[in-house]
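Summary of structural features
Each chain, letter by letter, is given below.
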Amino acid sequence: STTIFLQASRSQKLVAERVAALDTVSFVLEQMAREIRTGSRFAFDTSGSYACSQPAVSCWSGIRFINYRGAAVSYRLGVSSEDTSVGSRYIERSEGDGTPLRLTPRNVRIERFDILEYRDGRYPRALPRFTISLTATGPFTEPLELQTTVSPRIFYYQWINTPVLP
């Protein structure tokens, strides 16, 4: 009877930890999408760019833009060289030249963080669409795959071809 109670208590704690981590990672993805939706003047982190298999698509590991308040914001994959624990790879957000803030919890490792940019070559002034996808590991039984697609709502659009992320 005591053994069953202890096992149930441990299981409940593990489930609560998994649910909390899932909620946090989902919230981070939604926060990014919401801020991109109202942003403009997009630029990308070219240090992690790679060739995409799909036409009219570019793949990036970070994004920088002007948010609705007029502040320069960037989201990217942060990697800690000192920390070798599960949480050594995470999503970070910085505003202006400020210190990047870690957004994902320490018990979650972001294995993959991609921003895919879709442009229609027939309409050069059309707004792009961005698909943000990530793979997270940690207290989950299997790797967690999340993805969302967003396009800016602002109709005036200025493209920046020079990379602005370090």
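Structure: above.
Bear in mind the structure is a predicted one, so any value in this text is a computation, not a measurement.

1. Side note on the overall build of the chain
Helices and strands together make up the secondary structure of the chain, namely 1 helix and 9 strands. Each helix and strand of the chain, ordered N terminal to C terminal, gives the series α-β-β-β-β-β-β-β-β-β. Working note: accessible area of the chain is about 9800 Å², and carbon and sulfur atoms make up 53% of it.

2. Observations concerning the sheet that holds strand E4 (residues 72–79)
By definition, the strands of a sheet pair up through backbone hydrogen bonds, in either a parallel or an antiparallel sense. Strand order in the open sheet formed by 5 strands is E1-E3-E4-E5-E6, and the pairing between neighbours is antiparallel. With partners counted over all chains shown, the strands left at the sheet margins are strand E1 (40–44) and strand E6 (101–102), one partner each. In this structure, strand E3 (residues 62–66) lies alongside E4, joined through 5 bridges in antiparallel fashion. Paired with Ile63 across the two strands is Tyr75, which belongs to E4.

3. With respect to unusual backbone geometry
For Arg41, which is not a glycine, the phi torsion comes out positive at approximately 55°. Structurally, the position occupied by Arg41 is in strand E1.

4. Some words on the side chain of Ser133
Tracing the sequence through the fold places Ser133 in strand E8 (residues 129–137). Within the structure, Ser133 has its side chain in polar contact with the side chain of Arg112 (distance 2.9 Å). Excluding residues within four positions of it along the chain, Ser133 makes contact with Arg112, Phe113, Asp114, Leu146 and Gln147.

5. Quick notes on the environment of Phe42
Looking at where Phe42 falls in the secondary structure, it is placed in strand E1. With 32 residues separating them in the primary sequence, Phe42 and Ser74 have C-alpha atoms 9.7 Å apart.

6. Here's the deal with the side chain of Arg89
Positionally, Arg89 belongs in strand E5 (residues 89–95). Here Arg89 is buried and forms no salt bridge, its nearest opposite-charge partner Glu111 lying at an N-O distance of 4.8 Å. A polar contact of 3.0 Å, which involves the side chain of Arg89, links it to the backbone oxygen of Glu111. Among all residues touching Arg89, those that are not within four sequence positions of it are Leu77, Gly78, Val79, Val108, Arg109, Ile110 and Glu111.

7. Points about the environment of Gly39
Along the chain, Gly39 turns up in the loop between helix H1 (2–37) and E1. Taking the C-alpha atoms as reference points, Gly39 and Ala72, separated by 33 residues in sequence, lie 9.5 Å from one another.

8. Points about the packing of aromatic side chains
How two aromatic rings sit relative to each other is given by the distance of their centres and the angle of their planes. Using the criterion set out here, one finds 4 aromatic pairs in the structure. On the numbers, 4.9 Å between centres and 50° between planes, the contact of Phe42 with Phe130 is tilted. On the criterion of sequence distance, the pair formed by Phe42 in strand E1 and Phe130 in strand E8 is long-range, its members being 88 residues apart. Between Phe44 and Phe130, the aromatic rings sit 5.8 Å apart at their centres with planes inclined by 55°, giving tilted as the arrangement. Highlighted residues: Phe44 in strand E1 and Phe130 in strand E8, separated in sequence by 86 residues. Grouping residues by exposure puts Phe44 and Phe130 together as buried. A network of ring pairs unites the aromatic residues Phe42, Phe44, Phe65, Tyr75 and Phe130 as a single cluster.

Calculation criteria
- Residues numbered from 1 in each chain as written.
- Predicted model: local features only at pLDDT ≥ 70, side-chain atom pairs only at ≥ 80, totals over all residues.
- Heavy atoms only, no water.
- Helix = DSSP H or I, 4+ residues; strand = E, 2+ residues; numbered from the N terminus.
- Areas by Shrake-Rupley, 256 points an atom, 1.4 Å probe, with all protein chains shown as cover.
- Pairing = 2+ DSSP bridges.
- Polar contact = N/O pair within 3.5 Å; in protein donor to acceptor, adjacent residues only side chain to side chain.
- Contact = heavy atoms within 4.5 Å.
- Buried < 20%, exposed > 50% of the residue type's maximum accessible area, 1.4 Å probe, protein only.
- Lys, Arg positive; Asp, Glu negative; His and termini not counted.
- Salt bridge = Lys/Arg side-chain N within 4 Å of Asp/Glu carboxyl O.
- Phe/Tyr/Trp six-rings, centres within 6.5 Å; stacked < 30°, edge-to-face > 60°.

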